[in-house]
Amino acid sequence: MQRDLIDAICIRDEAQLEITSTEEPEFLNRLASAEIQNSLIREDTERLSSKVQQLEADLSQVFAMNSAIQARYRESESEVKMLQTELSGMHEKLRAEQQEKKESHEEKLFQEHVGEEQSGALAKRNAALQSDNILLQEQLSDLRKRLESQARQQVEHSGVSESLCDHRRSSELARRFDDLYNDSVLQLLDWLDQLDSLAEWTEDDLNEIALEIFKECDAVAVKYVERQVLDVAGFLGCKAIKSHGVRDAVCKAVSLVLGESKDNRVIDISPMKQEVLRFISAQYTRFYNETVEDHVTPFVLDCLDFLLDVKCQITPFCFEWDAGVQFQGEKHKRYHASSSSGTRVKKYVWPAFVDGSVYSVLCKGLVVT
């Protein structure tokens, strides 16, 4: 049986050898064909690789050229902007020159057209100004003569009596001081009470505003008259102004001349008014504006007008407004908000007006006790 198996295997191997020997030529042919195709593929691959390398080199060159072109474009763009700026400047300069020439030409034509008429008007205006200047010089000279005359009389005789023109009499000043409160102050307080910005302010606060404005007007008037005294003393050559006698004589001269007539007073009140308004603006910034200034200004002018008549006097009139003193019926009257049993003055609503020469109370002070 083993023998039969071995024989079968041998027969199978021989059959396979026959098949193999029969197919070998065909296989070799196919192998040769595949080698030829592979060789062709390698050649094509090498050609394509060479072309790819050439294309990459060409592309790098193109990129380099593009970068150079862009750089040149940017340079050209910058040059164009510079040229445009320069051209715009030249156009502006040209327009300015043309406008200047045009204006110069128009001005020349205008001068030629109205030259004679304008010259005549200017000549008339100049003549009028010269006439006004001469008149002012005459008035100044007259004022200086009057000041000199009064001062020398005071220095030599020391006996010139005070002018008692109506608006400067003690009784008239007392009446005007009462009117200043009853009219100007109350009118100002009524208007301030209507301001929305002062809605939280009490009646005492509003009274304090009016009193502070009056105090500032008093300080400004004193300073102005003092300056006039020094100016007149310098003009008269009174170097010893600190001497009481000479100073008193000069003060009397200034009082008699500058305050001799309310209507003819030789005083410019505008600088004093502006100084007081600046004080009010700084003191009450919270509510101060042009409308407030328009309503406060009349009160300021009334105060200054009265105070100048008070300060341009030989009689030493003064005001009392310091709180903390004993209540005196002959010098004080109680404000409606006061305690009727109070004996000390807590604050002044309106000051007392006093003749300091004999300490006579001309107007009682309105106080809170």
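None of the values given here were measured: they were computed from a predicted structure. Numbering of residues starts from 1 in each chain and follows the order in which that chain's sequence is written. Totals for whole chains, interfaces and linings use every residue, but because this is a predicted model, local features are given only for residues with pLDDT of at least 70 and side-chain atom pairs only at 80 or more, for both listing and counting. Side-chain descriptors were evaluated using all non-hydrogen atoms of the structure, hydrogens and water having been removed beforehand.

**Q** It is not clear to me how the environment of Asp204 should be interpreted in this structure. Could you clarify?
**A** Strands are runs of DSSP state E lasting at least 2 residues, helices are runs of H or I lasting at least 4, and numbering of each runs from the N terminus. Within the fold, Asp204 resides in helix 3 (residues 203–236). For Asp204, a relative accessible area of 35% gives the class partly exposed. The spacing of Asp204 and Val349 is 145 residues in sequence and 8.0 Å in space, taken between C-alpha atoms. Any residue under 20% of the maximum accessible area for its type is buried, any over 50% is exposed, and the rest in between are partly exposed; the area is computed with a 1.4 Å probe on protein chains only.

**Q** Just checking my understanding: could you explain empty space enclosed by the protein for this structure?
**A** Empty space among the atoms becomes apparent when a probe as large as a water molecule is rolled across them. A cavity, in this analysis, means grid points on a 1 Å lattice covering only the protein atoms where a 1.4 Å probe fits yet has no way out; a pocket is instead an open set bounded by protein on both sides within 12 Å along at least five of seven lines, and a residue lines either one if it has an atom within 4 Å of a point. Grid points are joined across faces, edges and corners, and a volume is the space filled by probe spheres set on the points. Within this structure, the stated rule accounts for one cavity of 30 Å³ or more. The wall of the largest cavity is formed by Leu192, Ile209, Ile213, Ile280, Tyr284, Phe287, Val292 and Val296. Sorting the residues of the lining of the largest cavity by element identifies helix 3 and helix 6 (290–311) as the ones contributing at least two each. The residue makeup of the lining of the largest cavity, split by class, is eight nonpolar, no polar and no charged. All amino acids are sorted into three groups, where Ala, Val, Leu, Ile, Met, Phe, Trp, Tyr, Cys and Pro are nonpolar, Asp, Glu, Lys and Arg are charged, and the leftover types, Gly among them, are polar.

**Q** Is there a simple way to think about the sheet that holds strand 3 (residues 347–350) in this case?
**A** The strands making up a sheet associate through backbone hydrogen bonding, with each pair oriented either parallel or antiparallel. Spatially, 2-6-3 is the arrangement adopted by the three strands of the open sheet, whose pairing is mixed. Edge positions in the sheet fall to strand 2 (332–334) and strand 3, since each of these pairs with one other strand and no more. For this sheet the average axis-to-axis angle between neighbouring strands, irrespective of direction, equals 45 degrees. Note: strand 3 against strand 6 (residues 365–368), three bridges, orientation antiparallel. Counted as the bridge partner of Tyr348 is Val367 from strand 6. Contact between two residues is taken to exist if any of their heavy atoms lie within 4.5 Å; hydrogens are not considered. Every angle, taken between N-to-C directions, lies between 0 and 180 degrees, and every axis is a line fitted to C-alpha atoms, over only the stretch in contact when it is a helix. On top of the sheet, helix 2 (residues 170–193) reaches strand 3 and strand 6; it is set at about 85 degrees to strand 3, its chief contact. By this definition, two strands are paired if DSSP reports at least two bridges between them.

**Q** What is the right way to read a nonpolar patch on the surface from this model?
**A** Taken together, the side chains of Phe27, Leu28 and Leu31 define a hydrophobic patch exposed on the protein surface, amounting to about 300 Å² of accessible area. With respect to the helices and strands, Leu31 occurs in helix 1 (residues 2–157). On the accessibility criterion, Leu31 (40% relative accessible area) is partly exposed. Put simply, a patch holds well-exposed residues, over 30% relative accessible area, that have no salt bridge, with like charges counted together within 9 Å and Val, Leu, Ile, Met, Phe, Trp or Tyr side chains within 5 Å. To be clear on the numbers: accessible area is Shrake-Rupley with a 1.4 Å probe, and residue cover counts the displayed protein chains and nothing else. Salt bridges are identified by distance alone: a Lys or Arg side-chain nitrogen within 4 Å of an Asp or Glu carboxyl oxygen.

**Q** I tried to follow the packing of helix 5 (residues 270–283) against helix 6 on my own but got confused; where do I start?
**A** Relative orientation and spacing of two packed helices are given, respectively, by the angle between their axes and the distance between those axes. Their axes nearest at 10 Å, the elements helix 5 and helix 6 cross at an angle of 130 degrees. Relative to helix 6, the element helix 5 is oriented oblique. Two packed elements cross with a definite hand, and for helix 5 against helix 6 that hand is right-handed. From helix 5, Met272, Lys273, Val276, Leu277 and Ile280 reach across to helix 6, where they touch Glu293, Val296, Thr297, Val300, Leu301, Leu304 and Leu308. Broken down by class, the residue content of the contact of helix 5 with helix 6 amounts to nine nonpolar, one polar and two charged. For classification, angles of less than 35 degrees are called roughly parallel, those exceeding 145 degrees roughly antiparallel, those between 65 and 115 degrees roughly perpendicular, and all remaining angles oblique. We call a crossing left-handed when the near helix sits turned anticlockwise from the far one by less than a right angle, and right-handed when that turn is clockwise.

**Q** Explanation requested: the pairing of strand 5 (residues 360–363) in the structure shown.
**A** Side-chain positions along a regular strand alternate between the two faces of the sheet. Pairing of strand 4 (residues 352–355) with strand 5 involves three bridges; the strand directions are antiparallel. Residue Asp355 lies in a different strand from strand 5, and its bridge partner there is Ser360. The turn joining strand 4 and strand 5, which pair antiparallel and follow one another in sequence, is formed by four residues; a positive phi near 45 degrees is taken by Tyr359.

**Q** Mind showing me how you'd approach the environment of Gly342 here?
**A** By secondary structure assignment, the location of Gly342 is in the loop between strand 2 and strand 3. With relative accessibility at 15%, the residue Gly342 sits in the buried group. Along the backbone, Gly342 and Gln326 are 16 residues apart, and their C-alpha atoms lie at a distance of 9.5 Å. Beyond its immediate sequence surroundings of up to four residues, Gly342 is in contact with Phe327, Arg334 and Thr369.

**Q** What is the right way to read the state of the cysteines from this model?
**A** Disulfides are covalent bonds that connect the sulfur atoms of two cysteines. By definition, disulfides here are pairs of cysteine sulfur atoms that lie within 2.5 Å. Enumeration over the complete set of coordinates arrives at zero disulfides. There is no disulfide at Cys217, and the cysteine sulfur nearest it, in Cys303, is 4.6 Å away. For Cys217, a relative accessible area of 0% translates into the label buried.

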